[in-house]
There are 2 protein chains.
Amino acid sequence: MTEAWSFDPRTGRSVPAPAESAPDEVDTAVAAAAAAAPAVAAASPQERAGWLEAIADALDANRTELAALADEEVALGMPRLTGEAQRAAAAFRFYAGVAREGSWLEAVIETGPGRPELRKVQVPLGPVAVFGASNFPFGFGVLGHDTATALAAGCPVVVKAHPAHPRLSAALFALAAPAAPPGALSLIAGYDAGRRLVDHPAISAVAFTGSQQGGLALWRQAAARERVIPVYAEMGTVNAVVVTARGAARRADEIAAGFVASFTQGMGQFCTKPGLLLVPAGSDLESRVARALTDAAPQGWMLTERIAASYASGVASLRAAGARVLATTAPADGGWAAAPTVLGVDAIGPFLEECFGPVALVASYTDLAEVLPQLPGSLAAAVHGGGPDDPEVPGLVAALSGIAGRVIVDGWPTGVVVGWGQQHGGPWPATTAPQHTSVGAGALRRFLRPVTYQDVPAAALPPALRDDNPWGVPRREVRG
Amino acid sequence: MTEAWSFDPRTGRSVPAPAESAPDEVDTAVAAAAAAAPAVAAASPQERAGWLEAIADALDANRTELAALADEEVALGMPRLTGEAQRAAAAFRFYAGVAREGSWLEAVIETGPGRPELRKVQVPLGPVAVFGASNFPFGFGVLGHDTATALAAGCPVVVKAHPAHPRLSAALFALAAPAAPPGALSLIAGYDAGRRLVDHPAISAVAFTGSQQGGLALWRQAAARERVIPVYAEMGTVNAVVVTARGAARRADEIAAGFVASFTQGMGQFCTKPGLLLVPAGSDLESRVARALTDAAPQGWMLTERIAASYASGVASLRAAGARVLATTAPADGGWAAAPTVLGVDAIGPFLEECFGPVALVASYTDLAEVLPQLPGSLAAAVHGGGPDDPEVPGLVAALSGIAGRVIVDGWPTGVVVGWGQQHGGPWPATTAPQHTSVGAGALRRFLRPVTYQDVPAAALPPALRDDNPWGVPRREVRG
């Protein structure tokens, strides 16, 4: 048993946390998940929705205590954490509704004279390994989008707790486990345990939210398995924001203040943080952004000691690469505080990797046709224009849709609404699976694969494909 | 310019074929595809359907000449090749209908008070590299499912011709290219040209049909790119068929004859060939299958000299690993003929890789619970039972749906119907992307990714998401 610790970012002080999982504990969790898989897959969408709603109820009933515990471990403050816990419960209820609605099963019944009968449905992949993120202890933690959508899709889940919030992870697991069938939800802890989890032959998919380094490491590990499995790694990106000429002329102060609020929210610890503001040459947005940061002077702490150190070295690297400090404000006192900073750059080429934390770049452009092709794949991108008649907006939206999973006009990429219309993902290297989303109704698809049943008698068909449609799901019926 | 040759499998004689593509010819083809990508993506589903239908018309108008040319290169005989050409044209018309129907765009419009407006749609990935197969010169060739579905999805295509039918590939390209916009369809030839194609930064996805070795090599190559792209490799598998006790008791001769017909069809050169028949211990299916093969005595030629050599060495390896020859029949005269063979094995462990060609195994089982977990991921699997009351069938269908993309009862895996209900794919290592299909309406999804437009004004939205719905596509409208 390896000891583990829970740290308070405000002071750096630690208290004991649940121990890291031994190899046999990982194997036991996966064996339980594999044993539960047939029952979880056989449970009706209604039953699965019931599990998710029971978890949502437990989250709501314990919201304040959970947020307080989270705040001890991540120091994001009670308003943010209480709100995030509330939204996590709402997300579980949303996915319960998605599960019930049933279109994610993509059921097809195709019949016709003189041809085989084809019935097709999405089936669960099997046990899913979930690696939670540091920065959203509720939204992308033990009870985040990955866990909810895997259960909704009919897959047992083994979560690897994030070391930034081990006590909260244990508390979330303790309240949720009784709401799901035995083996449908397990929790492990520790880096080595996580590696063992991904290598386990019974694991069928991996969902991860976090850094490029961490996500790509898991992707490479899974690609080296004998049976290669999908890795859905949603990773931090630079998320460029383009200001048009009219936007700079008409809305400069609003844009400057909005940019600062967005890139410093949660101390910049958002995978959708707008890391780069592209402004027309000759605009005074650089100085307005600098003033807005100085006026706002946000303070807070980084999630972990490692993240605080990476932030400091990241800002130093940006400066060494030629970025100029436009403004920097005083850090909070003590612990893993960090100084919010905005930098000016003359060319974007060397500055296209995410620096996690409250830093962002402002770059002037003269020709967007030269700049836009340099932008890497991102989760989101935004355009700030000068009103509904701004002639630059349509072309920019089209160009940015080529590099981002979500394109926003006159808004900021932080804040990811949970719904049917959400895409939280984006071209490589924003995610390792750009055709999928980790938030919204589409997120169930990550844990499913299609199977066609050809000339299979009624008694051997899965419920969603039987003529009497016991699950009551929508189906495409085709007569050939 | 590297010379290339077209070979007649019946004699081994060669005639000149179109030269292999030089590096600059590959780059020119990809540049043309990249230049065409915006226009292809902007074309309405109706326009794309028009291209596909024009290609189908051209296939139909030239069917007999094309089949004759194909027969000179692959020696599969005029009835098969004429039928395959006809089915290829029908598939293009099917995908034209799928394109027009529009549900593949998965359009969502989500609005509500106090929240951002989200509009989501599937957008084309960009230029697609298609690697055709040797064994289906029409169905998986220059004008096969990959090309049709990539164009339907709005992606330009660069096909790498298969060296088994270079003259047919050139003829198919010549008749199809005028039906598509400039740059939307290109053809290259040669192994090195294919490698260069996959590495080209403007290529966004790869579709491949063929061997494990070839598919996994492309998958590894694409994974080493700076921007990793999806590889849809659909590869040959063992495709097990399980005979129940009642099936063996009641339908033995029918099963034996059907098995022989299926595994020797097209000289066993099908990725869905049933390579393994699992029969209850004590049944006499081994001898009945041997007799059925001896009675049928099918004759033909392998597609290429290399495939003929691989077949001979593959059968020798199976025998060296302990397989007993139950029956083998005389090969055709001359050229790359091969001897159809059925082998008996006592344990399936060493025999779970595909041997491409007219060979299959018969294995007796006493406990299916021991045998089934050994079966690898396969494109298809089948159960042969003893009638509608056979109590073994439901459990077997459920078990086989865990390892196959398609499960068939009382039928054979060869023969893949094109439709809305088809899944042609399967768990690793049947394909490198088990959540996708290379045949049927779902095949378009391989070449699309979702983009969400948040608070984007009407003038900047893609057509499928505008309020006036100019493409007339089905949409999910959600009021939050």
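Each value, and the rule that gives it
- Residues numbered from 1 in each chain as written.
- Chains lettered and ligands numbered in written order.
- Predicted model: local features only at pLDDT ≥ 70, side-chain atom pairs only at ≥ 80, totals over all residues.
- Heavy atoms only, no water.
- Axes fitted to C-alpha atoms, helices over the stretch in contact; angles between N-to-C directions.
- Helix = DSSP H or I, 4+ residues; strand = E, 2+ residues; numbered from the N terminus.
- Parallel < 35°, antiparallel > 145°, perpendicular 65-115°, else oblique.
- Left-handed = near helix turned anticlockwise from the far one by under 90°.
- Contact = heavy atoms within 4.5 Å.
- Polar contact = N/O pair within 3.5 Å; in protein donor to acceptor, adjacent residues only side chain to side chain.
- Pairing = 2+ DSSP bridges.
- Buried area = accessible area lost by both parts, 1.4 Å probe.
- Salt bridge = Lys/Arg side-chain N within 4 Å of Asp/Glu carboxyl O.
- Buried < 20%, exposed > 50% of the residue type's maximum accessible area, 1.4 Å probe, protein only.
- Least-squares fit on C-alpha atoms with pLDDT ≥ 70 in both.
- Expected span 1.5 Å × (residues − 1).
- Arc of directions from axis to C-beta.

**Quick look at the packing of helix 4 (residues 78-101) of chain B against helix 5 (residues 145-153) of chain B**
All names here are of chain B.
Argument step 1. Closest axis-to-axis distance for the helix 4/helix 5 pair is 10 Å, and the angle between their directions is 20°. Looking at the two axes, helix 4 sits roughly parallel to helix 5. Here helix 4 and helix 5 pass one another in a crossing that is right-handed. Between helix 4 and helix 5, the residues in contact are Ala91, Phe92, Tyr95 and Ala99 and His145, Thr147, Ala148, Thr149 and Ala152, respectively.

**A closer look at the side chain of Gln423(A)**
Argument step 1. Residue placement: Gln423(A) occurs in the loop between strand 16 (404-409) and strand 17 (448-454).
Argument step 2. Here the side chain of Gln423(A) touches His436(A) through a polar contact of 3.0 Å, landing on its backbone oxygen.
Argument step 3. Sequence-distant contacts of Gln423(A), that is, excluding residues within four places in its chain, are made with Gly405(A), Arg406(A), Pro434(A), His436(A), Thr437(A), Lys120(B), Pro450(B), Val451(B) and Thr452(B).

**A word on the sheet that holds strand 17 of chain A**
Argument step 1. What the eleven strands build is an open sheet, ordered 18(A)-3(A)-4(A)-17(A)-16(B)-15(B)-10(B)-11(B)-14(B)-13(B)-12(B); its pairing is mixed. The outermost strands of the open sheet, each flanked by one partner alone, are strand 18 (475-479) of chain A together with strand 12 (324-328) of chain B. Pairs of neighbouring strands in the sheet enclose a mean axial angle of 20°, with direction left out of account.
Argument step 2. With four bridges joining them, strand 12 of chain B and strand 13 (residues 341-345) of chain B adopt antiparallel strand pairing. Each residue of the ladder has a partner; that of Val325(B), found in strand 13 of chain B, is Leu343(B).
Argument step 3. Sitting on the sheet, helix 10 (residues 252-264) of chain B is in contact with strand 10 (240-243), strand 11 (276-280), strand 13, strand 14 (359-365) and strand 15 (378-384) of chain B, with an inclination near 145° to strand 14 of chain B.

**Topic: the interface of chain A and chain B**
Accessible area lost during the coming together of the parts is what is often quoted as the interface size.
Argument step 1. Taken together, the contacts link 61 residues of chain A with 60 residues of chain B.
Argument step 2. Both faces combined, the contact of chain A with chain B buries some 4,600 Å², and carbon together with sulfur accounts for 54% of it.
Argument step 3. Interface area lost by chain A to chain B is led by Trp420(A), Gln435(A) and Arg449(A), which between them contribute 14%.
Argument step 4. For the pair chain A and chain B, the number of links is four salt bridges.
Argument step 5. Put simply, Arg445(B) and Glu106(A) hold a salt bridge, and the shortest N to O gap is 3.1 Å.
Argument step 6. Linking chain A with chain B are 40 residue pairs in polar contact (both at pLDDT 80 or more), by the criterion used here.
Argument step 7. When contributions to the side of chain A that touches chain B are tallied by element, the ones reaching two or more residues are strand 3 (107-111), strand 4 (118-124), helix 8 (212-223), helix 14 (393-401), strand 16, strand 17 and strand 18 of chain A.
Argument step 8. By residue number, the principal contributor to the side of chain A that touches chain B is strand 17 of chain A, which donates seven residues.
Argument step 9. Relative to strand 16 (residues 404-409) of chain B, strand 17 of chain A runs parallel, the two being bridged by three bridges. From the neighbouring strand, Gln454(A) faces strand 16 of chain B, where its bridge partner is Ile408(B).

**Points about the sheet that holds strand 5 (residues 128-131) of chain A**
Residues and elements named next belong to chain A.
Argument step 1. Read from one edge to the other, the open sheet built from five strands follows the order 7-6-5-8-9, with strand pairing classed as parallel. Taken across any chain shown, the strands that pair with only one partner, and hence form the sheet edges, are strand 7 (185-188) and strand 9 (231-235). Averaged over all neighbouring strand pairs, the angle between strand axes comes to 15°, with direction disregarded.
Argument step 2. Examined bridge by bridge, strand 5 and strand 6 (residues 157-160) share four bridges and lie parallel to one another. Bridging across to strand 6, Phe131 finds its partner in Lys160.
Argument step 3. Packed on one face of the sheet, helix 5 (residues 145-153) meets strand 5, strand 6, strand 7 and strand 8 (205-210) and runs near 170° to strand 6.
Argument step 4. Lying over the sheet, helix 8 contacts strand 5, strand 8 and strand 9, oriented at roughly 170° with respect to strand 9.

**What to know about the pairing of strand 11 (residues 276-280) of chain A**
Residue and element names in this part refer to chain A.
Argument step 1. Extensive coverage of strand 11 is indicated by the burial of five of its five residues.
Argument step 2. Burial along strand 11 is two-sided: the residues Leu276, Leu278 and Pro280 and Leu277 and Val279 are all buried.
Argument step 3. Here strand 10 (residues 240-243) pairs with strand 11 via three bridges, running parallel. Within strand 11, the position partnered with Val241 by the bridge is Leu277.
Argument step 4. Judged from the five bridges that link them, strand 11 and strand 14 (residues 359-365) form a sheet pairing that is parallel. Bridging across to strand 14, Val279 finds its partner in Ser364.

**Brief notes about the pattern of salt bridges**
Residue and element names in this part refer to chain A.
Argument step 1. Applying the stated criterion across every chain, the model contains 51 salt bridges over all chains.
Argument step 2. We note a salt bridge from Glu84 to Arg80, for which the minimum N-O separation is 2.9 Å. One end of the pair is Glu84 and the other is Arg80, both in helix 4 (residues 78-101) and four residues apart, which spans about a single turn. Residue Glu84 shares its accessibility class with Arg80, and that shared class is buried.
Argument step 3. With a closest N to O distance of 3.0 Å, Asp467 and Arg119 form a salt bridge. Pair noted here: Asp467 is in the loop between strand 17 and strand 18 and Arg119 is in strand 4, with a separation of 348 residues, a long-range link.
Argument step 4. Through salt bridges with shared partners, a single network forms among Asp57, Asp60, Arg63 and Arg93.

**A look at the relation of the copies chain A and chain B**
Argument step 1. After a rotation of 180° and a shift along the axis of 0.0 Å, chain A superposes on chain B with an RMSD of 0.0 Å. The relationship between the two copies is best expressed as a two-fold rotation axis. For chain A, the minimum C-alpha distance to the rotation axis belongs to Ala223(A) and amounts to 4.6 Å.
Argument step 2. Most of the interface of chain A is mirrored in chain B: 98% of its interface residues are interface residues there too.

**What to know about helix 12 (residues 305-320) of chain A**
Residue and element names in this part refer to chain A.
Argument step 1. Here helix 12 is 16 residues long and its end C-alpha atoms lie 23 Å apart, about the 22 Å a rise of 1.5 Å per residue gives.
Argument step 2. Here helix 12 has its buried residues at Ile307, Ala308, Tyr311, Gly314, Val315 and Leu318. Down the axis of helix 12, the sector holding all buried residues measures 125°, keeping them to one side. Opposite its buried face, helix 12 presents the exposed residues Glu305, Arg306 and Ala320, each directed more than 90 degrees away.
Argument step 3. The elements touched by buried residues of helix 12 are strand 13 (341-345) and strand 14.
Argument step 4. Gly322 sits one or two residues past helix 12 and shows a positive phi near 115°.

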